[in-house]
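Below, each chain spelled out in residue letters.
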Amino acid sequence: MRDTLVLNASFEPLSTVTLNRAVVLVLQDKAVVEQAHPGLRVRAATVVLPVPRVIRLCRYVRVPFRRQAPWSRRGVLIRDQHRCAYCGRRATTVDHVVPRSRGGADSWLNTVASCAEDNHRKADRTPEQAGMPLLKEPFVPSPADAMLLSLRAGERTELPGWLAAVQPAA
Ligand SMILES: [Zn+2]
């Protein structure tokens, strides 16, 4: 299922919702479609709509408290731009800096993208023990980063300029 990015009335990225939820928000006049998937249509009740990629809420929603981005393996790969933290080549796996067997957590600061080879080589050791220093320290993405992480990374370049500007710093 494609996720739809939800913008506040102020154009600030808020969250992502399922396509179904996005369509309901538009049908209820709570949001407008800002950007649609070209050529795709969705049938809802008696109307046919473009498939929304980005919708914007009609009324401004106050966000009192910004949560940390939820951790996910996919999110780590996207945060690290699919680059191995140990050798810089293309990464397809997620490595726990402190191995889980040693109490290492599933968290942004304890996980990095890794190529399968290095993940296997590092095995059940810390970077120090394995003699494999990290090329870049892991970081916790901001909520705005996370909104974009939840879109497919490859689609980011298609976003309008004002959104592309919110991309996480490299
Ligand atoms: Zn590697």
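Predicted model, so just to flag it, every value in this text is computed and none were measured.

**Q** I'd like a description of helix α1 (residues 19–27), backed by residues and values.
**A** For α1, the full list of buried residues reads A22, V23, L25 and V26. Looking straight down α1, one finds its buried side chains confined to an arc of 160°; they lie on one side. Against β1 (3–7), β2 (13–18), β3 (31–44) and β4 (47–57) lie the buried residues of α1. Downstream of α1 by one or two residues, D29 has phi in the positive range, about 60°.

**Q** Any chance you could break down the pairing of β1 for me, citing the residues and the numbers?
**A** With four of its five residues buried, β1 lies for the most part within the structure. Across five bridges, β1 lies against β2 in antiparallel orientation. Across the sheet, L7 pairs through a bridge with P13, a residue of β2. The turn joining β1 and β2, which pair antiparallel and follow one another in sequence, is formed by five residues; a positive phi near 75° is taken by F11. Two strands pair when backbone bridges link them, and β1 and β4 are joined in this way by three bridges, in the parallel orientation. Looking at β4, one finds that V6 is bridged to I55.

**Q** Describe in detail the environment of S114, supporting the description with residues and values.
**A** If you trace the backbone, S114 turns up in strand β6 (residues 111–114). Looking at S114, the number of C-beta atoms within 10 Å reads 28, which means it is buried. It is 8.3 Å that separates the C-alpha atoms of S114 and R89, two residues lying 25 residues apart in sequence. Residue contacts for S114: discarding those within four places in its chain leaves C84, A85, Y86, A91, T93, V94, D95 and N119.

About the criteria used
- Residues numbered from 1 in each chain as written.
- Predicted model: local features only at pLDDT ≥ 70, side-chain atom pairs only at ≥ 80, totals over all residues.
- Buried ≥ 20, exposed ≤ 12 C-beta atoms within 10 Å, placed from the backbone.
- Helix = DSSP H or I, 4+ residues; strand = E, 2+ residues; numbered from the N terminus.
- Arc of directions from axis to C-beta.
- Contact = placed C-beta atoms within 7 Å.
- Pairing = 2+ DSSP bridges.

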